[in-house]
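This is what each chain is made of:
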Amino acid sequence: MIILHADTNHPSLMKLLADAGHHNIEGFSQSREETLQNQHLYDGIVIRSRYSIDKDFLDAAPNLKFIARVGAGLENIDVEYAEECGVKLFSAPEGNRNAVGEHTLGMLLSLFNKLNKADREVREGLWNREDNRGIELDGKTVGIIGYGNMGKAFSRKLRGFDVEVLCYDIKEDVEDSNATQVDWEEFTQKCDVVSLHTPWTEQTNKMINKDFIESFQKPFWFVNTARGKNVETEDLVEALKSGKVLGAGLDVLEYEKASFESLFANKKNVAISAGESLPEAMRELMFMPNTILSPHVAGWTQESHEKLATVTANKIIDAFGKGEH
């Protein structure tokens, strides 16, 4: 097959496909419009999140056999129409689930032990031991919303702690030996920690809002390594101020560009520039001592970079076999 690679990835992706007899075309610098002009030439396309694959794109690609996204979700693809067109879809959540699990745990432990705050203060010459007294994870109830690849990876990381792990999911019977699936009422009554691991869909869009937060029986810690647009940031900030949310670790933000490559749509590599107007909720988040922020890198490790590539390549090869050398 002739396969267009719209984004750069680990070189093992192209090597595995080439070794299997397929022909790789580099389209890293092509715009979506340029890709559309020649899309009829390709049998498959490999993307990350740089642009969307919608009806117009699919209509311009009559020979397209597959779309592979080197990542966990398919939200930048019109999945329903692609399936109507007979186009196979591949994603690779197995490739970065371990990285996400580790990052989620790291954020939670940093919040509990005020590590970021303490580090900043010591660098400024401050030695505030009492103000940086932490709390322990042992004895807490950790709730995971969305118990797929990422949620399960996080629960595995919790096995060394004396914690109760609950999961809530729209699918039935997803629990395993690391987490107990419960209904929403029990979840909101027991959880001390809430970790979000859901895709971004119409159903999950802004699901973490005032009503969601108020439904919990006690204040809780919140971690989001899933999708930023699943959270209503203004409501989260108000909950952090009131103490209903005790602290938040956010690897993803509502204000991210759809490609995840920058924070605001008009910036390429930097989040903030002189004179740029920030949403007030974002500005407040940045200066809260009980928040930890990272730039959508939970699944972005040296190891996951290669794993994502090999998982994607192997899925393509398993589905279509080897070409002729």
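Residue indices begin from 1 for each chain and proceed along its sequence in written order. Confidence filtering applies because this is a predicted model: local features only for residues at pLDDT of at least 70, side-chain atom pairs given and counted only at 80 or more, and all residues used for totals across whole chains, interfaces and linings. The basis for every side-chain value is the complete set of non-hydrogen atoms in the structure, without hydrogens or water.

1. Quick word on the overall build of the protein
Point 1. Going along the chain from the N terminus, every DSSP run of H or I of four or more residues is numbered as a helix, and every run of E of two or more is numbered as a strand. A count of helices and strands for the protein gives twelve helices and twelve strands.
Point 2. Whereas a compact globule of 325 residues would reach a radius of gyration of roughly 20 Å, the protein reaches 21 Å, a difference of no more than 12%.
Point 3. Reported as C-alpha extents along the three principal axes, the dimensions of the protein are approximately 65 × 50 × 35 Å.
Point 4. Summary of the burial criterion: residues with accessible area below 20% of their type's maximum are buried, those above 50% are exposed, and those between are partly exposed, where the area comes from a 1.4 Å probe applied to protein chains only. Residues counted as buried form 49% of the 325 residues belonging to the protein.
Point 5. Residue contacts are defined here by distance: any two heavy atoms, one from each residue, within 4.5 Å place the two residues in contact. Nonlocal contacts in the protein, meaning residues at least 24 apart in sequence, comprise 61% of its contacts between residues at least 6 apart.
Point 6. For the protein, the accessible area works out to roughly 16300 Å², and carbon and sulfur atoms hold 49% of it.
Point 7. When charges are counted, Lys and Arg are positive and Asp and Glu negative, with His and the chain ends excluded. Positions of charges follow a simple convention, taking NZ of Lys, CZ of Arg, CG of Asp or CD of Glu. When the 36 positive and 52 negative side-chain charges of the protein are each reduced to one mean point, those points stand 4 Å apart. For this measure, only C-alpha atoms enter the radius of gyration; the expected value for a globule follows 2.2 Å times N^0.38, where N is the number of residues. Computed with the Shrake-Rupley method and a 1.4 Å probe, the accessible areas treat only the protein chains shown as cover for residues.

2. Let's talk about the environment of D235
Point 1. Take D235: it is sitting in helix α10 (residues 233-242).
Point 2. In this structure D235 comes out as partly exposed when scored by relative accessible area, which is 23%.
Point 3. In this structure, the C-alpha to C-alpha distance between D235 and G21, residues 214 residues apart in sequence, is 52 Å.
Point 4. If we skip the residues at most four places from it in the chain, D235 touches N209, K210 and I213.

3. Thoughts on the sheet that holds strand β10 (residues 220-224)
Point 1. A pair of strands is treated as paired once DSSP finds two or more bridges between them. Here seven strands make up an open sheet; going across it, the order is β8-β7-β6-β9-β10-β11-β12 and the pairing parallel. Each of the sheet's edge strands pairs with one partner strand only, and the pair in question is β8 (180-181) and β12 (291-293).
Point 2. Only the stretch in contact is used when a helix axis is fitted, and all axes are lines through C-alpha atoms; the angle between N-to-C directions ranges over 0 to 180 degrees. Of the strands in this sheet, β10, β11 (245-250) and β12 touch α10, which is tilted by about 135 degrees from β11.

4. Thoughts on the environment of Y168
Point 1. With respect to the secondary-structure elements, Y168 resides in strand β7 (residues 164-168).
Point 2. Given a relative accessible area of 26%, Y168 falls into the partly exposed group.
Point 3. Not counting residues up to four positions away in its chain, the partners in contact with Y168 are I144, I145, G146, Y147, V182, D183, W184 and F187.

5. A word on the nonpolar core
The tendency in soluble globular proteins is for nonpolar side chains to be buried as a group.
Point 1. Among the buried residues, those of types Ala, Val, Leu, Ile, Met, Phe, Trp, Tyr and Cys that are joined through side-chain atoms within 4.5 Å form a nonpolar core. Counting 30 residues, the largest nonpolar core has F187, V194, F222, L236 and V245 as the members making the most contacts within it.
Point 2. Elements supplying a minimum of two residues to this core: β9 (193-196), α9 (210-214), β10, α10, β11 and α11 (280-286).
Point 3. If we ignore the near neighbours within four places in the chain, the residues touching V194 are G143, I145, F187, F212, F216, F220, W221, F222 and V223.
Point 4. Listed in part, the 20 residues of the second largest apolar core include L111, V142, C167 and V174.

6. A closer look at the packing of aromatic side chains
Point 1. The rule is short: rings of Phe, Tyr and Trp, with Trp giving its six-membered ring, pair when the centres are within 6.5 Å, and they are stacked under 30 degrees, edge-to-face over 60, tilted in between. Using the criterion set out here, one finds 13 aromatic pairs in the structure.
Point 2. Considering the side-chain rings of W184 and F212, the 5.5 Å spacing of their centres and the 45 degrees angle between planes classify their relative orientation as tilted. Residue W184 is located in helix α8 (residues 184-190), and its partner F212 is located in helix α9; the two are separated by 28 residues in the primary sequence.
Point 3. The exposure class assigned to W184 is partly exposed, which follows from its relative accessible area of 28%.
Point 4. Cluster of aromatic residues (ring-pair linked, three or more members): Y168, W184, F187, F212, F216 and F220.

7. A short note on unusual backbone geometry
Point 1. With a phi close to 55 degrees, K114 is a non-glycine residue in the positive phi region.
Point 2. With respect to the element layout, K114 can be found in the loop between α5 (93-112) and α6 (115-123).

8. Re the packing of α5 against helix α7 (residues 149-157)
Point 1. In contact at an axis separation of 8 Å, α5 and α7 are set at 50 degrees when each is read in the N-to-C sense. As summarised for this structure, α5 and α7 are arranged oblique, according to the angle between their axes. Read as a crossing pair, α5 and α7 show a hand that is right-handed. Contact residues: α5 offers P93, E94, N96, R97, N98, V100, G101, E102, T104, L105 and L108, while α7 offers N149, M150, A153, F154, R156 and K157.
Point 2. We call Asp, Glu, Lys and Arg charged. Ala, Val, Leu, Ile, Met, Phe, Trp, Tyr, Cys and Pro are nonpolar, and the rest, Gly among them, are polar. Split by residue class, the contact of α5 with α7 holds seven nonpolar, five polar and five charged. Orientation labels follow simple angle bins: below 35 degrees gives roughly parallel, above 145 gives roughly antiparallel, 65 to 115 gives roughly perpendicular, and whatever is left gives oblique. Handedness of each helix crossing follows the sense of rotation of the near helix against the far helix: counterclockwise by less than a right angle gives left-handed, clockwise gives right-handed.

9. With respect to the pattern of salt bridges
Point 1. Within this document, salt bridges are pairs made up of a side-chain nitrogen of Lys or Arg and a carboxyl oxygen of Asp or Glu, the two lying within 4 Å of each other. Under the counting rule described, the total for this entry stands at 18 salt bridges.
Point 2. Here D19 makes a salt bridge to K15, at a shortest N to O gap of 2.8 Å. Of the two residues, D19 and K15 are both situated in helix α1 (residues 11-19); the distance of four residues between them amounts to about one turn of the helix.
Point 3. When its relative accessible area of 43% is taken as the criterion, D19 is described as partly exposed.
Point 4. Taking the relative accessible area as the measure of exposure, K15 reaches 54% and is therefore exposed.
Point 5. Salt-bridge contacts for K190 lead to E186; the nearest nitrogen and oxygen are separated by 2.9 Å. Here K190 and its partner E186 are both found in helix α8, four residues apart, which amounts to about one turn of the helix.
Point 6. Assessed through its relative accessible area of 31%, K190 is described here as partly exposed.

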